[in-house]
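For reference, the chains in residue letters:
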Protein chains: 2
Amino acid sequence: MAELNEIIHQPIRLRTMAALVTLEPNEEVDFTYLRKLLDVTDGNLGAHLRKLEEAGYIFINKVFVERMPRTYVSATAAGRKAFIEHVTALELILKGK
Amino acid sequence: MAELNEIIHQPIRLRTMAALVTLEPNEEVDFTYLRKLLDVTDGNLGAHLRKLEEAGYIFINKVFVERMPRTYVSATAAGRKAFIEHVTALELILKGK
């Protein structure tokens, strides 16, 4: 039976990965953009991003822009692969397989 | 933004609903068949079925067959509707929308 990826299945993380994998490889999104897109708090998004980072699915890039700290997030190759596998499993399950 | 149904999103319940909605209206599956299909314990499946029943998404039919208790499960019209809405939301999210 098709196996769902428990890290990716959680709704906020699923939306995050979906948003990131539609970008070009190495393209990044700003933390604030993602927080507004997903309509979550800083702390909530931060916790979910750490979980995705620990799994090796995203890369979190902290930089200073005009002396202000900014955080950018991108999907890794492993993250793209895991997302595609999860979606494939999901599609099988939704067909009752 | 597309809203996921939290009751249906949980993996065991997602698989249960997917298995039930592929049946004809009013067609039932046996509890034991479902438990083997999903590879879960009696107690685990029972708890998830109760949650789906409380939401009005499934109908649980307890009967005696040759003096032995048997449990049959089917999707309700509300359950089919909720499942389709959930899948539609999921498809939008997977496209990054």
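Keep in mind that what you see is a predicted model, and the values were worked out from it rather than measured. (Residues numbered from 1 in each chain as written. Chains lettered and ligands numbered in written order. Predicted model: local features only at pLDDT ≥ 70, side-chain atom pairs only at ≥ 80, totals over all residues. Heavy atoms only, no water.)

### Structural notes on the sheet that holds strand 3 (residues 68-75) of chain A
All names here are of chain A. Sheet architecture is open: three strands sit in the order 1-3-2, paired in antiparallel fashion. Pairing within the sheet leaves two strands with one partner each, and these edge strands are strand 1 (29-30) and strand 2 (58-65). Alignment of strand 2 against strand 3, held across eight bridges, turns out to be antiparallel. When the sheet's bridge partners are listed, Ile-60 is paired in strand 3 with Val-73. Sheet strands in contact with helix 2 (residues 11-21) are strand 1, strand 2 and strand 3, and its direction is about 85 degrees off that of strand 3. On the sheet, helix 4 (residues 42-54) packs against strand 2 and strand 3 and is oriented at approximately 120 degrees with respect to strand 2. (Pairing = 2+ DSSP bridges. Helix = DSSP H or I, 4+ residues; strand = E, 2+ residues; numbered from the N terminus. Contact = heavy atoms within 4.5 Å. Axes fitted to C-alpha atoms, helices over the stretch in contact; angles between N-to-C directions.)

### Section: the side chain of B:His48
Here B:His48 lies in helix 4 (residues 42-54). Excluding its chain neighbours within four sequence positions, the residues that come into contact with B:His48 are B:Gln10, B:Ile12 and B:Arg13.

### Concerning the pattern of salt bridges
Residue and element names in this part refer to chain A. Considering all chains together, one arrives at six salt bridges over all chains under this definition. With a closest N to O distance of 2.9 Å, Arg-70 and Asp-30 form a salt bridge. Here the residue Arg-70 occupies a position in strand 3, and Asp-30 occupies one in strand 1, the gap between them amounting to 40 residues. By relative accessible area, Asp-30 is classed as buried at 14%. A salt bridge links Glu-85 to Lys-81, with the shortest nitrogen-to-oxygen separation between them at 3.0 Å. Taken together, the residues Glu-85 and Lys-81, both in helix 5 (residues 77-94) and four residues apart, mark about one turn of the helix. A residue is classified by how much of its surface remains accessible, and Lys-81, at 52% relative accessible area, is exposed. (Salt bridge = Lys/Arg side-chain N within 4 Å of Asp/Glu carboxyl O. Buried < 20%, exposed > 50% of the residue type's maximum accessible area, 1.4 Å probe, protein only.)

### Let's talk about the interface of chain B and chain A
Taken together, the 19 residues of chain B in the interface contact 19 residues of chain A. Taking both sides of the interface into account, the surface hidden between chain B and chain A amounts to around 1700 Å²; carbon and sulfur atoms contribute 74%. Viewed at the interface, chain A and chain B are joined by one residue pair in polar contact (both at pLDDT 80 or more). Listing elements by their share of the side of chain B that touches chain A, those giving two or more residues are helix 2 (11-21), helix 3 (31-38) and helix 5 (77-94) of chain B. Looking at the side of chain B that touches chain A element by element, the count peaks at five residues for helix 5 of chain B. Taken together, the residues of the side of chain B that touches chain A break down into 13 nonpolar, three polar and three charged. (Buried area = accessible area lost by both parts, 1.4 Å probe. Polar contact = N/O pair within 3.5 Å; in protein donor to acceptor, adjacent residues only side chain to side chain. Nonpolar A, V, L, I, M, F, W, Y, C, P; charged D, E, K, R; others polar.)

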